Structure formats: C-alpha cells, structure tokens
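Geometric and topological summary
For reference, the chains in residue letters:
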Amino acid sequence: MIEFLSYEFMRNALIAAILVGIACGIVGTYVLVKRIVFISGGISHAAFGGVGLGYLLGINPITAAIPFSIIAALAIGIISKRTKLSEDTAIGIIWATGMALGILFISLTSGYVPDLMSYLFGNILAVSQQDLIIMLILDFVIAGVVFLLYNEFLSLTFDEEFSEIVGIPTTPLYLLLLCLVALSVVVLMRVVGVILVIALLTIPSAIARKFSKDIKKLIFLSALTGIILTIFGLYLSYLLNLPSGATIVLVLSVVFLITSLV
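Treat the numbers as computed from the prediction; the structure is a model and nothing was measured. (Residues numbered from 1 in each chain as written. Predicted model: local features only at pLDDT ≥ 70, side-chain atom pairs only at ≥ 80, totals over all residues. Heavy atoms only, no water.)

Considerations on the overall build of the chain
- Each helix and strand counted, the chain has twelve helices and zero strands in total.
- Order of helices (α) and strands (β) in the chain, N terminus to C terminus: α-α-α-α-α-α-α-α-α-α-α-α.
- Against the globule reference of 18 Å for 262 residues, the chain gives a C-alpha radius of gyration of 18 Å, in line with a compact fold.
- With respect to the principal axes defined by its C-alpha atoms, the chain has extents near 55 × 50 × 30 Å.
- Here the chain, with 262 residues, has 52% of them falling under the buried criterion.
- Long-range contacts, defined here as pairs at least 24 residues apart, represent 77% of the contacts in the chain between residues at least 6 apart.
- Approximately 12,000 Å² of the chain is accessible, and the part contributed by carbon and sulfur atoms is 72%. (Helix = DSSP H or I, 4+ residues; strand = E, 2+ residues; numbered from the N terminus. Rg over C-alpha atoms; globule rule 2.2 N^0.38 Å. Buried < 20%, exposed > 50% of the residue type's maximum accessible area, 1.4 Å probe, protein only. Contact = heavy atoms within 4.5 Å. Areas by Shrake-Rupley, 256 points an atom, 1.4 Å probe, with all protein chains shown as cover.)

Re the packing of aromatic side chains
- Overall, the coordinates contain four aromatic pairs when judged by the stated rule.
- The interplanar angle of 50 degrees and the centroid separation of 5.7 Å between the aromatic rings of Tyr30 and Phe153 together place this pair among those described as tilted. Placement of the pair is Tyr30 in helix H1 (residues 8–34) and Phe153 in helix H8 (residues 150–158), with a sequence separation of 123 residues. Each member of the pair Tyr30 and Phe153 is classed as buried. (Phe/Tyr/Trp six-rings, centres within 6.5 Å; stacked < 30°, edge-to-face > 60°.)

Structural notes on the packing of H8 against helix H10 (residues 170–208)
- In the contact formed by H8 and H10, the axes pass within 10 Å of each other and the chain directions differ by 100 degrees. As summarised for this structure, H8 and H10 are arranged roughly perpendicular, according to the angle between their axes. In this structure, H8 contributes Glu152, Phe153 and Leu156 to the contact, and H10 contributes Thr170, Leu173, Tyr174, Leu176, Leu177 and Leu180.
- Residue classes in the contact of H8 with H10 are distributed as seven nonpolar, one polar and one charged. (Axes fitted to C-alpha atoms, helices over the stretch in contact; angles between N-to-C directions. Parallel < 35°, antiparallel > 145°, perpendicular 65-115°, else oblique. Nonpolar A, V, L, I, M, F, W, Y, C, P; charged D, E, K, R; others polar.)

Focus: the side chain of Ser184
- By the element assignment, Ser184 lies in helix H10.
- Those residues in contact with Ser184, other than ones at most four positions away along the chain, are Ala23, Val27, Ile142 and Leu201.

Side note on unusual backbone geometry
- The backbone of Arg35 sits at a positive phi, close to 60 degrees, despite the residue not being glycine.
- Mapped onto the elements, Arg35 comes out in the loop between H1 and helix H2 (37–46).
- One non-glycine residue with positive phi stands out, namely Asn241, at about 55 degrees.

Some words on the state of the cysteines
- Counting across every chain of the model gives zero disulfides.
- No disulfide involves Cys179; its sulfur sits 19 Å from the nearest other cysteine sulfur, which is in Cys24.
- For Cys179, a relative accessible area of 14% gives the class buried. (Disulfide = S-S within 2.5 Å.)

Here we look at a nonpolar patch on the surface
- Taken together, Leu56, Leu57, Ile59, Leu104 and Leu108 make up a surface patch of nonpolar side chains, about 450 Å² in accessible area.
- Elements that contribute at least two residues to the nonpolar patch include exactly helix H3 (48–57) and helix H5 (87–108).
- Along the chain, Leu108 falls in helix H5.
- Taking the relative accessible area as the measure of exposure, Leu108 reaches 55% and is therefore exposed. (Patch = residues over 30% accessible without salt bridge, like charges linked within 9 Å, V, L, I, M, F, W, Y side chains within 5 Å. Salt bridge = Lys/Arg side-chain N within 4 Å of Asp/Glu carboxyl O.)

A closer look at the packing of helix H11 (residues 215–240) against helix H12 (residues 244–261)
- Running from amino to carboxyl end, H11 crosses H12 at an angle of 125 degrees, the nearest separation of the two axes being 8 Å. Here H12 runs oblique to H11, going by the angle between their axes. As for how H11 packs across H12, the hand of that crossing is right-handed. In contact with Leu229, Thr230, Phe232, Gly233, Leu234, Leu236 and Ser237 of H11, H12 contributes Ser244, Thr247, Ile248, Val251, Leu252 and Val255. (Left-handed = near helix turned anticlockwise from the far one by under 90°.)

Keep in mind these numbers describe shape, not what the thing actually does.
Right, here's the structure in full:
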C-alpha cells in the first residue's frame, strides 16, 4: 500500500476517488429516489460535446464540459416541461446531438488528439492537479446548493405535485437538480468516462438504500460507499494492471449483487 501511494499520480487518483464519492453520494441519492437515471445518462453522453469543444478550442476539456453539460441538462428539462415531447424523446435528442457534436469538434481539431479514450471510458490515473481543483470546486457547489435547499429538494423528490400546490417553484428546482447532475457528470468523467458515469451515479446509492431509507443517512452512506469502493477498485486495477474505470464499475456491480443476495 505504501508503494501504491509513493507515486504522485496515485495520490491524485486517491483524492479524485474521495471527491467522486462525495459527488455521487449527494446527487446519486436524488437521481435514484427521483428516478431520473436515464436523464443522467443523457446528460453524461451529451457532455462529450463539451470535451470535443475543449479540444477544438485548445482548453481543458473538463472546463469546456461544464457549461456544455449544464446547457444539455437545461435543454432536457425545458423541452420535457414546456413542449409536447416526452421526456425520453428529449433525452434521446440531446444525447445523440451531444455525442455527434463531440465527434464533429474532434474531427475539426488539428493534429493528434491525446487522451481521448480516457474521457469516454475513464482513467483516474490521468487526473491532474488542475482537474482536482475543478472537481473540488464543483463538489463545494453541489454540497452548498443541496445544503441550502435540502427541504425543497426533499419535497420535490417525493411529491412534486403537492410541492407545486403549496407554492414551491418545482420547475426551477427541477432544472437546478438537473444542473447538479450535470456538474456531477463533469466530476465523474475523468474517473469512469462519459460511458460509465451512470454507474457511479446509481450503484453506490442503490447499495446504500438497502440499509437506510432516511435521505440524510442515505446521502452519507452513498458517499461513503462510493469512496470506499472507488478506492478499492483503483487499488485492484493497480495490482492486476487493469483499466481503472472499468474495474471500479465492476467492483460496484459485484458489491451490489452481493448485498442484493444477502
């Protein structure tokens, strides 16, 4: 274990695992309870457009993915709420458009595009100091918003119609929740990639839900589960020389299966 932490990239990966666990614990709980897993998948895939835009503009793809993911989240929410299109249709449109834009932007980028696969399938070992700073800031934003609007989100999650009746602005709150999902997607992207983000947003909370129904406890247990299993998956990938993102997701899946059987 000491050898494991002797490398700087491993220490960065360990910090990233903790930050990822916090994000997926907080937002993943609402994603699971509100049943917006498919929306999370749509936002995560649409975020690939931001990655491509970052390469095209010559800036950090993670930085470019932040506004792109938020726009995708707002588009899904507004289209599903304000038009006659069903929610799954809106998700499909934004999902495909984001991926297509990402491919288009990358094709227009001059020269070789390095490290692209890590944004698709994740590579926690490639997390830089700049990525960690961005992830830390996003974690603070996510935690701060949920702390300030905890009761409103609680009401929205369990009974949206009643919340609207008693005067809670449900549509703005719903759009804000989708924006938090978008920020979480950006946090998770470097660890498991846009393809596997949905696993970290759902599996830790699904495991934790077997042990608690209280939202506050569920958030804490989800974050703790995400942190522990992400670190274990990272260490296992180091020992067996396996892709880190896929290993982390498989560890989560195996633990979910075991807890379900027990």
